[in-house]
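Structural description and commentary
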Amino acid sequence: MEKKNIDWSKLGFAYTKTDYRWQSTWDNGEWSEGGLLEDPEFHLLESACVFHYSQSCFEGLKAYTTEDGRIVTFRPDQNGLRMIDSAKRLEIPPFPLEKFLQSIDEVVRANAAWVPPYGTGASLYIRPVLFGSGPQIGVAPAPSYTYRVFVMPVGSYFKEGPKPIRICVSDYDRAAPHGTGAIKAGLNYAMSLFPTQEAHRNGYAENMYLDPQTRTYVEETGGANILFVDADNNLIVPKSQSILPSVTRRSLVYVGQHYLGLNVIERQVRLDEVKNFKECCLCGTAAVLAPVGLIHTHEGDIALPSGMDQMGEICGKLRQTLTDIQACKIEAPEGWIRTIC
Ligand code: PLP
Ligand code: COI
């Protein structure tokens, strides 16, 4: 198979139309067999529930080329399970895990020419979406649904690449108490668009959101979880009911404990103690592990001791170990790597 003629090392994080997508629809109580398509467009009714009541959720995962030339995905079962949780909360019929895994395998294999080669720093981003596509005008779940997964080659999510970014504490909330913060609903991202653009206009790469009830504790950013390293090199993981359970964060916690011998503390993190931490980073499928150099708050800027030039030592080790596992340079914990071809 001949790879596409792309300058892989120059890729950012943007949509590219690739050759195949995979789709299944739900009608009369069951999911269709599903399969590959070439048409990247949807043909939907104006009354489709998704347009009016935002009945939609999505996922994000990646395929990598390994050092020995295989194409693999990283923990796709975790994304499939999270999509089931998201669907249940939104009254969407869950897309079965086995079919989810099959759809990912087939769409990645069909688009193998788009999977960036090993060593380019790029990967194939996989975006499954699940939404109410049937007509709905009264506020109620849709009568029918569409599941689609499409893929595109991507590079770094932040323009800074692996260099430290500046973020700011938002005056807005991304999730309500007892709301949908812990699922990957499209509506959470609609809520974050205005504050995110505000942050960009002010020169920050992302927002740090606080807990919506008391605005005392650190939650996460618009598109990634947050981790800290304290003065004793403990990995500090913010805990909250309204944070998305990031697959990357859970993997980094395991890597920290079992590969790097770090002590991991998962607890509520007050904003006013962040000034005592040594390192901070964002983590997620798109973000991978992005170091934070500065956090703007109303009480002044917090400049992390790791600085604006390079990643802190612990964050660097976490990122390297995780990406080495994803490229199969070092052995992964059982069940983390799924070979596609
Ligand atoms: N938090 C939010 C709000 C996200 O959108 C994402 C991206 O998926 C994450 C965290 C990171 O999750 P994951 O590591 O599963 O990609
Ligand atoms: C991901 O990391 O996969 C996400 O969905 C986050 C999004 C902001 C791109």
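Structure first, text after, so check above.
Let me begin by describing the structure that accompanies this report. Everything quoted here is computed from the prediction, not taken from an experiment. (Residues numbered from 1 in each chain as written. Chains lettered and ligands numbered in written order. Predicted model: local features only at pLDDT ≥ 70, side-chain atom pairs only at ≥ 80, totals over all residues. Heavy atoms only, no water.)

Describing the packing of helix α5 (residues 247-258) against helix α6 (residues 313-326)
Packed helix pairs are characterised by how far apart their axes lie and by the angle those axes make with each other. Rules: To obtain each axis, a line is fitted to C-alpha atoms, and for helices this fit is confined to the stretch in contact; angles are then taken between N-to-C directions over 0 to 180 degrees. Secondary structure is summarised from DSSP: a helix means a run of H or I of at least four residues, a strand means a run of E of at least two, and numbering begins at the N terminus for each. We call two directions roughly parallel when the angle between them is under 35 degrees, roughly antiparallel when it is over 145, roughly perpendicular when it lies between 65 and 115, and oblique otherwise. Any two residues whose heavy atoms approach within 4.5 Å are treated as being in contact. Under the grouping applied here, Gly and all other residues not named as nonpolar or charged are polar, the nonpolar ones being Ala, Val, Leu, Ile, Met, Phe, Trp, Tyr, Cys and Pro and the charged ones Asp, Glu, Lys and Arg.
The N-to-C vectors of α5 and α6 enclose an angle of 105 degrees; their axes lie 10 Å apart at closest approach. As far as their axial angle goes, α6 and α5 are roughly perpendicular. Residues Thr248, Ser251, Leu252, Val255 and Gly256 of α5 lie in contact with α6, whose contacting residues are Leu318, Thr321, Leu322 and Ile325. Along the lines of polarity and charge, the residues of the contact of α5 with α6 split into 5 nonpolar, 4 polar and no charged.

Considering the site of ligand 2
Our working definition: Here a residue is considered near a molecule or strand provided that any single heavy atom belonging to it is located within 4 Å of it. By the criterion applied in these results, polar contacts are pairs of N or O atoms within 3.5 Å in which, for protein atoms, one can donate a hydrogen and the other can accept it, and in which residues neighboring in sequence qualify only through two side-chain atoms. The Shrake-Rupley method, run with a 1.4 Å probe sphere, supplies the accessible areas, and residue values consider only the shown protein chains as cover. Of the grid points, spaced at 1 Å and generated over the protein atoms alone, those admitting a 1.4 Å probe that cannot get out make up cavities, while open sets with protein on both sides within 12 Å along at least five of seven lines make up pockets; any residue with an atom within 4 Å of a point is treated as lining. If over half the atoms of a molecule are within 2 Å of the grid points of a cavity or pocket, the molecule is regarded as sitting in it.
Taken together, Phe13, Phe58, Gly60, Tyr125, Arg127, Tyr157, Lys184, Gly223, Thr285 and Ala286 make up the full set of residues near ligand 2. Note that an oxygen atom of ligand 2 is positioned 3.5 Å from one of the backbone N or O atoms of threonine 285. With respect to ligand 2, the backbone of alanine 286 contributes an N or O atom lying 2.8 Å from an oxygen atom. When ligand 2 sits alone it has 290 Å² of accessible area, and the protein chains cover 90% of it. Taking a 2 Å distance to the grid points as the criterion, the majority of the atoms of ligand 2 fall inside the largest pocket.

A short note on the environment of histidine 258
Tracing the sequence through the fold places histidine 258 in helix α5. Separated by 93 residues in sequence, histidine 258 and isoleucine 165 have C-alpha atoms that sit 28 Å apart.

Things to note about unusual backbone geometry
For clarity, the cut-off: In this scheme, a residue with accessible area under 20% of its type's maximum is buried, one over 50% is exposed, and one in between is partly exposed, where area comes from a 1.4 Å probe on protein chains only.
Unlike most non-glycine residues, glutamate 91 shows phi in positive territory, near 60 degrees. One can find glutamate 91 in the loop between α2 (76-89) and α3 (97-110). Taking relative accessible area as the criterion, glutamate 91 reaches 56% and is therefore assigned exposed. Positive phi, close to 65 degrees, is recorded for asparagine 233, a residue that is not glycine. Following the sequence through the fold, asparagine 233 ends up in the loop between β11 (225-229) and β12 (235-238).

Topic: the side chain of threonine 180
Mapping threonine 180 onto the fold places it in the loop between β9 (165-169) and α4 (186-201). By relative accessible area, threonine 180 is classed as buried at 13%.

Here we look at the pairing of β12
Selection rule: A pair of strands is considered paired only if DSSP assigns at least 2 bridges between the two. Look down the strands so they point away from you; if going from the first strand over the helix to the second traces a clockwise path, that crossover is right-handed.
Here β12 shows two buried faces, one formed by Leu235 and Val237 and the other by Ile236 and Pro238. When β11 meets β12, the two strands line up antiparallel, connected through 2 bridges. Following the sheet pairing, valine 229 is matched in β12 by leucine 235. Here β11 folds back onto β12, and the loop between the two strands holds 5 residues, one of which, asparagine 233, carries a positive phi near 65 degrees. Examined bridge by bridge, β12 and strand β13 (residues 264-267) share 4 bridges and lie parallel to one another. Each bridged residue has a counterpart across the sheet, and for leucine 235 the counterpart in β13 is valine 264. A crossover connection joins β12 to the parallel β13 through α5; in handedness this β-α-β unit is right-handed.

Describing the layout of surface pockets
Worth spelling out the cut-off: Grid points are joined across faces, edges and corners, and a volume is the space filled by probe spheres set on the points.
What the largest pocket holds in volume is close to 920 Å³. For the largest pocket, the lining is made up of 41 residues, of which Phe13, Tyr157, Glu206, Gly223 and Ala286 are closest to its centre. Ranked by residue count, the leading element in the lining of the largest pocket is α4, at 6 residues. Residue composition of the lining of the largest pocket, grouped by class: 18 nonpolar, 14 polar and 9 charged. Size it by volume and the second largest pocket reaches roughly 710 Å³. Sorting the residues of the lining of the second largest pocket by element identifies β5 (61-65), β15 (288-297) and α6 as the ones contributing at least two each. It is α6 that provides the largest number of residues to the lining of the second largest pocket, a total of 6 residues. Classifying every residue of the lining of the second largest pocket by side-chain character gives 18 nonpolar, 13 polar and 4 charged.

Regarding the site of ligand 1
Around ligand 1, the structure places 17 residues, and the nearest of them are Tyr189, Glu220, Ser246, Thr248 and Thr285. Separating a nitrogen atom of ligand 1 from a side-chain N or O atom of glutamate 220 is a distance of 2.5 Å. Starting from 390 Å² of accessible surface for ligand 1 in isolation, the protein chains cover 97%. Elements represented by at least two residues in the shell around ligand 1 include exactly α5 and β14 (279-284). For the shell around ligand 1, a count of residues per class yields 5 nonpolar, 8 polar and 4 charged.

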